[in-house]
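# Coordinate analysis (summary)
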Amino acid sequence: MTKTLRVSHASEILSLVPYQLGFEPENSLVLISLRGERNKVGLIARANLDDVLDPGSPVIEALVDHALRDGASSVVVAIYVECTGDFAQDSAAQATVREVLDLTSRGTEGNLDITEAWVVTAGQHSHWIFPGVHASSTCVPAVGGVRGTTCTAHAGTTDDFRNSQISAHMVLEGKNFARSRDQVGIIEEASPSVRKAVFDSYLRETQAARHNTTHSEFAQYRSETIELLIAQVGLEDGCSCEGIRAKTARPPLTPKDIGRIAAGLEDLAIRDSFIILISSLGNAGARRHIMLANALRREALNCGTYGGEVISFEGELVAREVLEEEVDMLARNAVGVIVDPALAMTPHECTLNAALELLTALLSAAPVNTHSAPRALAALSEWWRGNSAVAHRHVAEGLKHDPNYGLLGLVRSALENGLAPGWRRREQILGGFATSMEAI
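Attention here is on the structure that accompanies the text. This is a predicted model, so every value here is computed, not measured.

Let's shift gears to the overall build of the chain. Secondary structure summary: the chain contains 19 helices and nine strands in total. Across the 440 residues of the chain, 51% fall into the buried class. Total accessible area on the chain stands at roughly 20,300 Å², and carbon and sulfur atoms take up 51% of it.

Here is the structure:
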């Protein structure tokens, strides 16, 4: 069940921002969408200040458009800026903030109300008063219209973020964030000895798959790879996260396993079965999908033993189009669980964590030429759980290796258009369960 967090002051929402973006913003404009009469937090959108201040830049218009499509009726503005010492005494930083606020005010005029505007520096945050924003106290503005550190009603240190109830909730949920955008999604390489062992395994597996001369040998290879993935990622029926944490049934992932999985994910049938595995269709759906794919491949290799219109499957003759439709339906339903609000389900924490651990191991140790599939699957998984910054990193790195990889393109399109995963759009909830995106 989703927990709704209620906050009494807009400044506390600022503590949510790094958790949702995945990193602590620097030199950034952040718009926090507020939906409806109860001001539920929605999309959290970020852009670089340099892009915002670039003459003729459409960045603010894009952020406003994303907020409107998210159902926002108003926004909280947060400007993260570098300054020397006390912001109230830094005229250059104040001038930057003043220009950004002016551009933001004009960009939202007639579309969105700005509930409050905040300035966040390395050591403090301050409330900014400007036309259109009503002060919620009688505190006198400091230099440049900014409420300085003496204005206790609307100023504080960034330590306040770490001490907020939202931060406490995030810590309890096991959430964290990187200290900068550059650190998001960085995966350290495995040791040279591990990488060599994985490479040797990958070569053996690809050669074995290539030289499996009979269909039954190749079908067995596929099925064994799926069972390896299920052992690492899948949940048995009725098994809870608590059960997984309490037992040691999940086998250790060896270099041989990593090489095998890296080779297997180059097969689209296995890759799609992986997506089915992490969705609500689970182990049974993944096994069913690979069985169907094997049956269709066997018939194709046999050049249509039964005339091409029917296929022998599970002891019966079944119309080819029936099997093809079921293969497509399993894949569509798995993607629908992730994307479509009508079918959407929240990610299963333990399955998705295990999947990302596996994919991280592949990206750490497997040959670079195999990274397209694990990057795409990691991007999809991170986007599904709402970590757009990490998803961005996976997409960018994956497209370096294969600019035409279809699944990477689909995730990139969702990110660029500020599209939230289905369960986020369906639930429309507050606080720690908001969605984040970046302008790129």
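A separate point is the pairing of strand E3 (residues 72–80). Burial runs high along E3: eight of the nine residues are buried. Taken together, the eight bridges between strand E1 (residues 28–35) and E3 define a ladder with antiparallel strand orientation. In the sheet register, Leu29 faces E3, and the bridge partner there is Ile79. Looking at chain direction, E3 and strand E4 (residues 113–120) are connected through seven bridges and run parallel. Within E4, the residue paired with Val75 across the bridge is Ile114. Traced from E3 through helix H5 (residues 91–108) to E4, the parallel crossover comes out right-handed.

It is worth spelling out the pairing of strand E8 (residues 316–319) at this point. Here strand E7 (residues 310–313) runs beside E8; their pairing, made up of four bridges, is antiparallel. Across the sheet, the residue bridging to Val310 is Ala319, located in E8.

Take Glu382: it is sitting in helix H16 (residues 372–385). Ignoring anything within four residues of it in the chain, the contact list for Glu382 reads Leu356, Asn387, Val390, Ala391 and His394.

One pass over the structure, following the stated rule, counts one aromatic pair. Their ring planes at 35 degrees and their centres at 6.0 Å tell us that Phe218 and Tyr221 sit as a pair that is tilted. Highlighted residues: Phe218 and Tyr221, both in helix H9 (residues 215–233), separated by three residues, approximately one helical turn. Seen from the ring of Phe218, Arg297 lies directly overhead, with NZ or CZ sitting 4.0 Å from the centre.

Attention now goes to the environment of Arg222. Within the element layout of this structure, Arg222 appears in helix H9. As a C-alpha pair, Arg222 and Ile290 span 68 residues in sequence and 7.3 Å in three-dimensional space. Excluding anything up to four places from it in sequence, Arg222 contacts Asp267, Ala269, Ile270, Ile290, Ala293, Asn294 and Arg297. One polar contact links Arg222 to Asp267, side chain to side chain, over a distance of 2.7 Å.

The rules behind the values
Each chain carries its own residue numbering, running from 1 in the direction its sequence is written. Residues qualify for local features only when their pLDDT is at least 70, as the model is predicted, and side-chain atom pairs are given and counted only at 80 or more; totals for whole chains, interfaces and linings, by contrast, use all residues. Computation of side-chain values: all heavy atoms of the structure, hydrogens and water removed. Counting from the N terminus, the helices are DSSP H or I runs at least four residues long and the strands are E runs at least two residues long. Burial classification: accessible surface area is computed with a 1.4 Å probe over protein chains only, and a residue below 20% of its type maximum counts as buried, one above 50% as exposed, and the rest as partly exposed. Per-residue and other accessible areas follow the Shrake-Rupley method at a 1.4 Å probe size, with only the shown protein chains counted as cover for residues. A pair of strands is treated as paired once DSSP finds two or more bridges between them. For crossovers, right-handed means that the path from the first strand over the helix to the second runs clockwise, given strands pointing away from the viewer. Contacts between residues were defined by any pair of non-hydrogen atoms, one from each residue, lying within 4.5 Å. Pairing of aromatic rings covers Phe, Tyr and Trp, the last through its six-membered ring, and needs centres within 6.5 Å; plane angles under 30 degrees mean stacked, over 60 mean edge-to-face, and all others mean tilted. As a reminder, the over-ring test applies to NZ of lysine and CZ of arginine, requiring each to be within 6 Å of the ring centre and within 35 degrees of the ring normal. Distance and chemistry together define a polar contact, namely a pair of N or O atoms within 3.5 Å, with one atom able to donate a hydrogen and the other to accept it when in protein, and with adjacent residues in sequence counting only for side-chain atoms on both sides.

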